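Single-letter residue listing:
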Amino acid sequence: MATVYRGGKGRRGPRARARLWRTAGVVAALAVVVGAAVWLWPAGPRPVFQLPVACGEKWQLGTYPGHGANDVDMFPMSGQSWGRPVLASYGGTVIEAGINGELGGRTQKNPQGPRGSGGGYWVKIDHGGRWTTVYMHLLEPPMVKEGQRVEQGDQLGKVGSTGASGAAHLHYEQRRGLQKVETYFDGVASGIVDDDREYTVMRTSGNCAGAKR
């Protein structure tokens with residue numbers, strides 16, 4: 001006589017457990033498909049990004065071999081870099097604000113201190129339409145927090161040399177989905193694209209929204 005398993009109260013039989021696992025598998029597969037669809041969905045129009053520094057200031061934008069395609073390092077053309085305000089280049093929501101990698105020990109008083117790794121103190125902003133911007137090597141913990149809404153021109157932090165940085169500067173990126181793209185400021189391409197050689201361009205900040213508030 002065959003033995004019939006009858007699950008007691010609060011217990012599941014083999015068939016019920018199998019159905020549960022199949023359902024969980026289907027849900028997980030759907031989540032993967034939906035997630036992939038979101039990332040593959042075409043990005044929205046490029047926001048009108050501005051230089052992430054004070055209105056009217058002239059900065060040098062540059063790159064060097066091995067820096068990374070479309071990555072931009074920024075240095076002011078007058079005055080020192082240490083402590084200069086870093087501003088949101090467009091409005092959005094902060095999705096990262098903290099430490100990327102190891103901070104190291106480079107400070108204004110000890111600029112040749114031990115180098116860290118990664119981006120140091122950093123901020124990442126979601127601007128909608130799958131557009132994001134990244135701000136790295138900040139001097140101190142960011143002045144904003146994850147989930148906070150910022151407007152163009154709001155201060156995010158100060159220029160420093162934390163992380164894998166050789167000197168006080170701002171490392172900046174614009175990303176469309178998962179891809180870093182050429183930076184545009186006030187609707188004009190920066191010209192910083194390949195990192196096959198060292199070169200620089202000069203740009204003047206039109207990030208004046210914050211100055212008007």
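Residues numbered from 1 in each chain as written. Predicted model: local features only at pLDDT ≥ 70, side-chain atom pairs only at ≥ 80, totals over all residues. Heavy atoms only, no water.

Peer 1: Would you mind going over the overall build of the protein in detail, with residue names and values included?
Peer 2: When helices and strands are counted, the protein shows two helices and 13 strands. Burial status across the protein gives 38% buried among its 213 residues. When contacts within the protein are restricted to residue pairs at least 6 apart in sequence, long-range pairs at least 24 apart make up 68% of them. With the model as given, the accessible surface of the protein reaches about 11,800 Å², and the carbon-plus-sulfur share is 55%. (Helix = DSSP H or I, 4+ residues; strand = E, 2+ residues; numbered from the N terminus. Buried < 20%, exposed > 50% of the residue type's maximum accessible area, 1.4 Å probe, protein only. Contact = heavy atoms within 4.5 Å. Areas by Shrake-Rupley, 256 points an atom, 1.4 Å probe, with all protein chains shown as cover.)

Peer 1: So, the side chain of threonine 133: which residues are in play, and what are the values?
Peer 2: Looking at the element boundaries, threonine 133 is found in strand E6 (residues 131–138). In this structure threonine 133 comes out as buried when scored by relative accessible area, which is 0%. At 2.6 Å, the side chain of threonine 133 and the side chain of histidine 127 are in polar contact. A polar contact of 2.8 Å, which involves the side chain of threonine 133, links it to the side chain of tyrosine 135. Once residues lying within four places of it in the same chain are set aside, the contact partners of threonine 133 are Phe49, Ser89, Val123, Lys124, Ile125, His127, Tyr172, Glu173 and Gln174. (Polar contact = N/O pair within 3.5 Å; in protein donor to acceptor, adjacent residues only side chain to side chain.)

Peer 1: How would you summarise the state of the cysteines if you had to cite specific residues and measurements?
Peer 2: Taken as a whole and judged by the stated rule, the model has one disulfide. A sulfur-sulfur distance of 2.0 Å marks the disulfide that ties cysteine 55 to cysteine 208. On the sign convention where negative is left-handed, the bridge of cysteine 55 and cysteine 208, at about 75° about the S-S bond, is right-handed. Placement of the pair is cysteine 55 in the loop between helix H1 (14–40) and strand E1 (58–63) and cysteine 208 in the loop between strand E13 (199–204) and helix H2 (209–212), with a sequence separation of 153 residues. (Disulfide = S-S within 2.5 Å.)

Peer 1: If you had to explain the packing of aromatic side chains to someone new, which residues and values would you point to?
Peer 2: Going through the model one piece at a time under the given rule, you end up with four aromatic pairs. Each ring, one from tyrosine 135 and one from tyrosine 172, has its centre 5.4 Å from the other, and the planes form 70°; the classification is edge-to-face. A residue pair is termed long-range when its members are at least 10 positions apart, and tyrosine 135 in strand E6 and tyrosine 172 in strand E9 (residues 170–176) qualify at 37 residues. A relative accessible area of 0% means that tyrosine 172 is categorised as buried. What links up through ring pairs into an aromatic cluster is the set Phe49, Tyr90 and Trp131. Note that arginine 46 overlies the ring of tyrosine 184, its terminal NZ or CZ placed 3.8 Å from the centroid. One cation-aromatic arrangement involves arginine 197 over tyrosine 199; the distance from NZ or CZ to the ring centre is 4.1 Å. (Phe/Tyr/Trp six-rings, centres within 6.5 Å; stacked < 30°, edge-to-face > 60°. Lys NZ or Arg CZ within 6 Å of the ring centre and 35° of its normal.)

Peer 1: Just give me the short version of the nonpolar core, but keep the residues and values in it.
Peer 2: Of all hydrophobic cores here, the largest spans 27 residues; its most connected members are Leu61, Met74, Val123, Ile125, Tyr135 and Leu156. Taken together, the elements giving at least two residues each to this core come down to E1, strand E2 (72–76), strand E5 (117–126), E6, E9 and E13. (Core = buried A, V, L, I, M, F, W, Y, C linked by side-chain atoms within 4.5 Å.)

Peer 1: Account for the environment of valine 72, naming residues and giving values.
Peer 2: Within the fold, valine 72 resides in strand E2. Residue valine 72 is classed as buried on the basis of its relative accessible area of 0%. As a C-alpha pair, valine 72 and aspartate 195 span 123 residues in sequence and 9.7 Å in three-dimensional space. Excluding residues within four positions of it along the chain, valine 72 makes contact with Leu61, Gly62, His67, Leu170, His171, Tyr172, Thr183 and Ile192.

Peer 1: Tell me about the side chain of threonine 183, and please be specific about residues and values.
Peer 2: Looking at where threonine 183 falls in the secondary structure, it is placed in the loop between strand E10 (179–181) and strand E11 (184–185). Contacts of threonine 183, omitting those with residues within four sequence positions, involve Asn70, Val72, Tyr172, Gln174, Val188, Ala189 and Ser190.

Peer 1: I'd love a proper account of the environment of aspartate 194, names of residues and values included.
Peer 2: When you line up the elements, aspartate 194 lands in the loop between strand E12 (188–189) and E13. Separated by 123 residues in sequence, aspartate 194 and aspartate 71 place their C-alpha atoms 8.6 Å apart. Filtering out sequence-adjacent residues up to four positions away, aspartate 194 remains in contact with Thr63 and Tyr199.

Peer 1: Describe the pattern of salt bridges, naming the residues involved and giving the relevant values.
Peer 2: Here the structure, examined in full by the defined rule, presents five salt bridges. The partner of arginine 84 in a salt bridge is glutamate 57, with the nearest N and O atoms 3.3 Å apart. Taken together, the residues span a long stretch of sequence, with arginine 84 in the loop between E2 and strand E3 (85–87) and glutamate 57 in the loop between H1 and E1 at a distance of 27 residues. Arginine 84 sits in the buried class, given a relative accessible area of 15%. You can call glutamate 57 partly exposed: its relative accessible area is 22%. (Salt bridge = Lys/Arg side-chain N within 4 Å of Asp/Glu carboxyl O.)

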